[in-house]
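So you can see what is in the structure, the chains are spelled out below.
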Amino acid sequence: GLVLEASGAALELRDVPEGVYDFGVRPEDILIDEAGGMEGTLKVVETLGNEKIVILDFGGVTLTARCAPGARTVVGETLRFSFDLARCHLFGSDGRRVDLSA
């Protein structure tokens, strides 16, 4: 399987050949969760009426996520999160999406 590593955290994707991939995730598929297996430093919080948009530094990678308006978000603090892997995407070096449903 393939192991994605960043900022000391690792995700294992079974049945994916080893190689170089781009990892794609939408902001709504990054789950802000105290029990999440990943963590990033909160850089920006934009409070909208029905949600907050947060920007995280994840080991040098910038991630944008959505969360509930009542979520505790303090710039500079560590925020725990996970990915909804069923909704994430991998793209091969040829730019084509890799089917993860198998």
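Summary of the structure given here. (Residues numbered from 1 in each chain as written. Predicted model: local features only at pLDDT ≥ 70, side-chain atom pairs only at ≥ 80, totals over all residues. Heavy atoms only, no water.)

## Description of the sheet that holds strand β3 (residues 22-24)
Logical step 1: Pairing is antiparallel across the open sheet formed by three strands, whose spatial order is β3-β9-β10. Of all the strands in the sheet, the pair left with one neighbour each is β3 and β10 (97-98).
Logical step 2: In this sheet, strand β9 (residues 89-91) lies alongside β3 in antiparallel orientation, the contact comprising three bridges. Bridge assignment links G24 to a residue of β9, and that residue is H89. (Pairing = 2+ DSSP bridges. Helix = DSSP H or I, 4+ residues; strand = E, 2+ residues; numbered from the N terminus.)

## Some words on the sheet that holds strand β6 (residues 52-58)
Logical step 1: What the five strands build is an open sheet, ordered β4-β8-β5-β6-β7; its pairing is antiparallel. Both outer strands of the open sheet, β4 (30-32) and β7 (61-67), are each paired with one neighbouring strand and no more. On average, each strand axis in the sheet is inclined to that of its neighbour by 45°, with strand direction left out of account.
Logical step 2: Bridge count for β4 against strand β8 (residues 78-83) is three bridges, and the pairing is antiparallel. Paired with I32 across the bridge in β8 is F81. (Axes fitted to C-alpha atoms, helices over the stretch in contact; angles between N-to-C directions.)

## Regarding the environment of T78
Logical step 1: Looking at the element boundaries, T78 is found in strand β8.
Logical step 2: When the C-alpha atoms of T78 and E39 are compared, they prove to be 6.3 Å apart, with 39 residues separating the residues in sequence.
Logical step 3: Excluding residues that lie within four positions of it along the chain, T78 makes contacts with E39 and G40. (Contact = heavy atoms within 4.5 Å.)

## Details of the nonpolar core
Logical step 1: Core analysis: the biggest nonpolar cluster contains 13 residues, and I30, V54, L56, L63, F81 and F83 have the highest contact counts within it.
Logical step 2: For this core, the secondary structure elements donating two or more residues are β5 (38-47), β6, β7 and β8.
Logical step 3: When residues no more than four places from it in sequence are discounted, the contact partners of L56 are G40, T41, L42, V61, T62, L63, L79 and F81. (Core = buried A, V, L, I, M, F, W, Y, C linked by side-chain atoms within 4.5 Å. Buried < 20%, exposed > 50% of the residue type's maximum accessible area, 1.4 Å probe, protein only.)

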